[in-house]
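For reference, the chains in residue letters:
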Amino acid sequence: SQYSAVDTNPLSVYIMQPIWNKIIKIVPLWIAPNLLTFSGFVMILVNYFLISFYDWDYTASGTSPGLVPTWVWLFSAFTTFCAYALDSIDGKHARRTQSSTPLGELFDHGLDSWATSIFVLSFFSVCSRDNGKTGVSVYTMYIYLSIVLFNFMCSHWEKYNTGVLFLPWGYDISQVVLITAYLLTGAVGVEVWQKPFLFGYYITDVLVILLIGFSLFLSFPQTLYNIHRAYLKKTLKNDSLYEGLLPLVSPLLLFILLTVWVFLSPSNILAKQPRLFLWMVGVAFSNVICKVIICQMSSTQPELFHWFLFPLALVVYAAISGLLGWTEDAVLAVLTALVTAAHLHFGVCVGRQLSEHLNIYIFSLKKRVRE
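Predicted, not measured: the structure shown is a model, and the values here were computed from it.

**Remarks on the overall build of the protein chain**
In terms of regular secondary structure, the protein chain is built from 13 helices and 2 strands. Taking 371 residues into account, the globule formula puts the C-alpha radius of gyration at 21 Å, and the protein chain, at 21 Å, falls close to it. Its C-alpha atoms give the protein chain principal-axis dimensions of about 60 × 50 × 45 Å. Counting every position in the protein chain, which comprises 371 residues, the buried fraction comes to 51%. Sequence-distant contacts in the protein chain: of pairs separated by 6 or more residues, those separated by 24 or more amount to 80%. When the accessible surface of the protein chain is summed, it comes to about 18000 Å², and 70% of that surface belongs to carbon and sulfur atoms. When the 21 positive and 20 negative side-chain charges of the protein chain are each reduced to one mean point, those points stand 9 Å apart.

Shown next, in the form of structure tokens:
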């Protein structure tokens, strides 16, 4: 299917696009677009692990403000900008080098589906965990992450039904907000997040309110409107309501299971292991959405239940019934490692299958020689 995306965000159209059009001219023509996509993702990962090293349990900013060195925040601003730039120019570069392929589209959106959670998890280190005075509770973090992932899911569910990806306005805004937040933290220190900003509200409160407002009153209604418009124009990809709603089943069940675990865990697992738990949420979500993206690109039907829901349901049941007891942390760690390994394995396999099928290399513009 031909890739079509629509971007109507003024920030993107009038400010960012002209910048990307200048940057793209520097990129050598022999570089494969997927290499740009992948480099951006690697930068996000490096930045995430760097912040995790200094702030494993999200308490550094709230308890001892100097714990994360200033250069780390400036490095975060730099890597976030680079990843944003690379993610914005990879498609332009593919058109420039006439190497646009379904593999590139899947690679781009697949990595985006994972990067989305990593951006959020890195940002939590800035505002830090609730320490009684300032910061954000781990439950707010979980809900915040869920809303961001819900937004990402909506735009791909919309494309599954309409065939067009309406780029969410939130994306460019969130990237600019993230970069600004890191620069501000680097310049002024994390203390800026710990003083009331407006009418006794903290900057973090304002951001949470904006995010929820954006999602519920702008993104989600826009998605429903675009699907409704396609329905009226008779351009919907799926005939039945069942088929149209099918991609939402697994993500919603995933969210329900995880939420049950978060709020009914006897050992309060999210408070004990916020980093592991939220990472696992992001990876599991990414895998579920990648399946939807593949179905949408190949015009096939997604399965009703994603495989991960079965082991997860068992673990959640064992945890909340008290069966796991003191091993809950260890079981979470094993589950997280397995899900991450399974997701990487899935990505490598799909990439290899597609590159063989399309007779191209993932990271090179050279043509494969047929055996």
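**What about the pattern of salt bridges?**
Applying the stated criterion to the full structure yields 2 salt bridges. Put simply, Glu105 and Lys159 hold a salt bridge, and the shortest N to O gap is 2.9 Å. Here the residue Glu105 occupies a position in helix α5 (residues 102-127), and Lys159 occupies one in helix α6 (residues 138-162), the gap between them amounting to 54 residues. Glu105 sits in the buried class, given a relative accessible area of 10%. Of the residues examined, Lys159 reaches a relative accessible area of 3% and is grouped as buried. Residues Asp329 and Lys272 are paired through a salt bridge, measuring 3.1 Å at the closest nitrogen-oxygen approach. Remark: Lys272 occurs in helix α10 (residues 269-272) and Asp329 occurs in helix α13 (residues 328-357); sequence separation between them is 57 residues. Taking the relative accessible area as the measure of exposure, Lys272 reaches 44% and is therefore partly exposed.

**As for the packing of aromatic side chains**
Under the counting rule described, the total for this entry stands at 26 aromatic pairs. A centroid spacing of 6.5 Å and a plane angle of 65° characterise the contact between Trp71 and Phe75, whose relative ring orientation is edge-to-face. On the criterion of helical spacing, the pair formed by Trp71 and Phe75 is a turn pair, its members being 4 residues apart in helix α4 (residues 70-96). Classification of Trp71 as partly exposed rests on a relative accessible area of 45%. Counting every residue linked through ring pairs, the aromatic cluster contains Phe41, Tyr48, Phe49, Trp114 and Trp279. Taking NZ or CZ as reference, Lys291 lies 5.2 Å from the ring centre of Phe346, over its face.

**Observations regarding the environment of Ser76**
In this structure, Ser76 sits in helix α4. Relative accessible area serves as the criterion here: at 0%, Ser76 is assigned to the buried category. Along the backbone, Ser76 and Arg229 are 153 residues apart, and their C-alpha atoms lie at a distance of 40 Å.

**Concerning helix α11 (residues 274-298)**
Here α11 is 25 residues long and its end C-alpha atoms lie 36 Å apart, about the 36 Å a rise of 1.5 Å per residue gives. Summarising burial for α11: 23 of the 25 residues are buried, a large majority. A positive backbone phi angle near 50° is found at Ser299, which sits one or two residues after α11.

Conventions and cut-offs
Residues numbered from 1 in each chain as written. Predicted model: local features only at pLDDT ≥ 70, side-chain atom pairs only at ≥ 80, totals over all residues. Heavy atoms only, no water. Helix = DSSP H or I, 4+ residues; strand = E, 2+ residues; numbered from the N terminus. Rg over C-alpha atoms; globule rule 2.2 N^0.38 Å. Buried < 20%, exposed > 50% of the residue type's maximum accessible area, 1.4 Å probe, protein only. Contact = heavy atoms within 4.5 Å. Areas by Shrake-Rupley, 256 points an atom, 1.4 Å probe, with all protein chains shown as cover. Lys, Arg positive; Asp, Glu negative; His and termini not counted. Charge placed at Lys NZ, Arg CZ, Asp CG, Glu CD. Salt bridge = Lys/Arg side-chain N within 4 Å of Asp/Glu carboxyl O. Phe/Tyr/Trp six-rings, centres within 6.5 Å; stacked < 30°, edge-to-face > 60°. Lys NZ or Arg CZ within 6 Å of the ring centre and 35° of its normal. Expected span 1.5 Å × (residues − 1).

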